[in-house]
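Working through the structure, step by step
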Amino acid sequence: MNPQQPAGPVIREGVESFWTRMVQDHQLTGRLSYPAFLARAAADRPEKPALIHADRTLSYRELYAAVHGVADTLARDFGITAGDRVALLLDNSDTYDIWYLAVLAMGAMAVPLNTKLTAHEIEYILTDADVRLLIHEAVYAEVVAGLDTALRKRLVCFTLDRDRSPSASPDRSPADLLAGFMAMAPDIETPAAIYYTSGTTGKPKGVVHTHRSFIAAALQAPLAWEYADPETINLATTPLFHIANHTVYLPTLSVGGTLVIDTFSTTRAFELIERHRISQFFAVPSMLLMMVQHPERDQHDTHSVRRVLFGAAPMPVSKLEAVQALFPKAVLLHGMGQTECSGTTVTLPSEQAFAKAGSVGINIPGTEIRIVDDQDGELPPNSVGELVTRGPNVMSHYLNRADATAETLRGGWLHTGDLGYRDEAGYVYLVDRKKDMIIRGGENIYSTEVESVLYQLPEVAQAAVIGMPSELFGEEVLAFLVLKEGCARPSLEAIQAHCRSRLARFKIPVAIEFLDNMPQTATGKIQKHELKARGQPSGRPTT
């Protein structure tokens, strides 16, 4: 698995040639929504399975009839019109994608919500996005009831039964459905969705994507992740509210494949792979580790799997070998990205999975990447700088954040905040993050958000949060605290209880270290690299 490298850097097709070709081949101008673009694939395969969830299978025709029917419901029953913001607080199911696509189809804007967030965290998003309608499942009724009273009076809240088949436009042909989507489609440059991602200030930022950027991602992703195949049977078990839905799941519909939707558990994943003869799935490393370590792993037939996609963090060769042994017929693909670029910035071609283990890959088709210094000058190979990218998949802007937009998109390039270098062959290796982000099991946690909650404790004088190694999740949250003079040391349990009402569970510190003094620069900035050098907290094993 060590093919000879070409003489020059490995670079996939760039921005201008790719997008010019895509515009011509797919008529990507004027009025065109993301759902209308996807619905074109239904014309040649109306009765082929498109979505599968539990015991329900929807053909392509049934899927888009359902999307069209829900769009009609949104307009008729809720008065939703183009430009309105509709939030979704829903678990994984075919219903999620139907309602999500319906919002986009009518020119409204979807606001997916992380189902692990607290009412306090959701309040900020609903207010910042000026959401008009909140669609949620009954299981989240308590969270919705905990929203600010004034906000709830302004919002329309609808409890959705995901087990009930949505209303569909009856007996309509794929051509008729596509004509209906085109009739309601906004301009391709119209905002389609707002995905919230935490920023270094600790306040979430609304990343605005247009129909064009999502269509671009649907064209790029199957090439970058090597699944441009109508025979693809793709298992989706990571949360659909993540931007990953637009890079490893929804584009399955653009190539004419089948998407099997469920929620991850190790046993369930094995069962679904066998039952549906899954050909590919996406996972974060912790999920793959749980599958590799499952005591009954050898009792399941995994030979149908042809591609294992994983992101969030590279895996060492030893773990790659274990995954390869579990899925002997599969190739392994690693990639990384962020919400601002529709989910993928770079991918590592499968033929280089072992030879370039540790690299996050090369540019995806239709994009360019650079490693730049603090003045945005491009750096030579093996020089550490910030990874920047540009392409049609990049966001339009941050909602209500003109300054942050200008800073992040300066010079026409998306500044990712990731520090790394490119080797002579053009492969990118990440070494650190400019943003103090912790990645726990694929979930992004920004230290400043956790620190602001810790500072609300009356005993705390200083707080700093870093990631501590975890074999299962990659990282867990470790907090360092300096207490105010004369204050008693609070217990870990008391600190966690304080955090629980203000932070999602995955953001809560699992360990605390108390310090007499915080390492600081002469200007008072906490030196987190010194905290990271301290290693594991005393007396606590790796999770």
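So, a few notes on the structure that sits alongside this text. None of these values were measured; they are calculated from a predicted model.

Calculation criteria
- Sequence positions are assigned chain by chain, starting from 1 and proceeding in written order.
- Reporting of local features is limited, given that this is a predicted model, to residues whose pLDDT is at least 70; pairs of side-chain atoms are given and counted only at 80 or more, and all residues count toward the totals for whole chains, interfaces and linings.
- Side-chain measures were taken over the full set of non-hydrogen atoms in the model, leaving aside hydrogen atoms and water.
- By nonpolar core we mean a set of buried residues, namely Ala, Val, Leu, Ile, Met, Phe, Trp, Tyr and Cys, connected to one another through side-chain atoms within 4.5 Å.
- Exposed residues in this analysis have more than 50% of their type's maximum accessible area, buried residues have under 20%, and partly exposed residues fall in between, with area computed by a 1.4 Å probe over protein chains only.
- Strands here mean DSSP runs of E at least two residues long; helices mean DSSP runs of H or I at least four residues long; both are numbered from the N terminus.
- For this analysis, residues touch if any pair of their heavy atoms sits within 4.5 Å.
- What counts as a salt bridge is simple: a side-chain nitrogen of Lys or Arg found within 4 Å of a carboxyl oxygen of Asp or Glu.
- When DSSP locates at least two bridges between a pair of strands, those strands are taken to pair.
- Angular values range over 0 to 180 degrees, each being the angle between N-to-C directions of two axes fitted as lines to C-alpha atoms, with helices fitted over their stretch in contact.
- Here, a disulfide means two cysteine sulfur atoms that sit within 2.5 Å of each other.

With that settled, consider the nonpolar core. By size, the foremost hydrophobic cluster in this structure holds 73 residues, and its most contacted members are Tyr 64, Leu 74 and Tyr 100. Here the element with the most residues in this core is helix 3 (residues 60-78); it accounts for ten residues. Dropping the residues within four chain positions of it, Tyr 64 is found in contact with Pro 35, Leu 38, Ala 39, Ala 42, Leu 177, Phe 181 and Leu 253. Ranked by size, the runner-up nonpolar core spans 41 residues in total, among them Val 144, Leu 147, Tyr 196 and Leu 454.

Moving on: the pattern of salt bridges. Tallied over the entire structure, the rule returns 23 salt bridges. Here Arg 132 makes a salt bridge to Asp 84, at a shortest N to O gap of 2.8 Å. You can see Arg 132 sitting in the loop between helix 5 (119-128) and strand 5 (133-137) and its partner Asp 84 sitting in the loop between helix 3 and strand 3 (85-89), a full 48 residues away along the chain. For Arg 132, a relative accessible area of 34% corresponds to the partly exposed category. Ionic pairing is found between Glu 368 and Arg 390, a salt bridge with its closest N-O pair at 2.9 Å. A residue pair is termed long-range when its members are at least 10 positions apart, and Glu 368 in strand 16 (residues 368-372) and Arg 390 in strand 17 (residues 385-390) qualify at 22 residues. For Arg 390, a relative accessible area of 22% gives the class partly exposed. Taken together, the shared-partner salt bridges in this structure form one network comprising Glu 16, Glu 368 and Arg 390.

Reading across from one edge, 23-24-25 is the order of the three strands in this open sheet, with mixed pairing throughout. Bordering the open sheet on either side are strand 23 (460-470) and strand 25 (511-514), each of which pairs with just one other strand. Mean inter-strand twist for the sheet, computed between neighbouring axes without regard to direction, equals 25°. When strand 24 (residues 474-483) meets strand 25, the two strands line up parallel, connected through four bridges. Pairing of Phe 480 across the sheet is with Glu 513, part of strand 25.

Turning our attention to the state of the cysteines. For the structure on display, the rule yields zero disulfides. Here Cys 487 stays free of any disulfide, with the sulfur of Cys 499 as its closest cysteine sulfur at 17 Å. Cys 487 sits in the partly exposed class, given a relative accessible area of 32%.

Moving on, we come to the environment of Leu 235. Structurally, Leu 235 can be placed in strand 9 (residues 233-236). In this structure Leu 235 comes out as buried when scored by relative accessible area, which is 1%. Filtering out sequence-adjacent residues up to four positions away, Leu 235 remains in contact with Tyr 249, Val 260, Ala 269, Leu 272, Ile 273, Ile 278, Gln 280, Phe 281 and Phe 282.

Positive phi values are uncommon outside glycine, yet Ala 54 reaches one of about 55°. Along the chain, Ala 54 falls in the loop between strand 1 (49-53) and strand 2 (56-59). Even without being a glycine, Asn 382 presents a positive backbone phi close to 65°. The exposure class of Asn 382 is partly exposed, given its relative accessible area of 41%.

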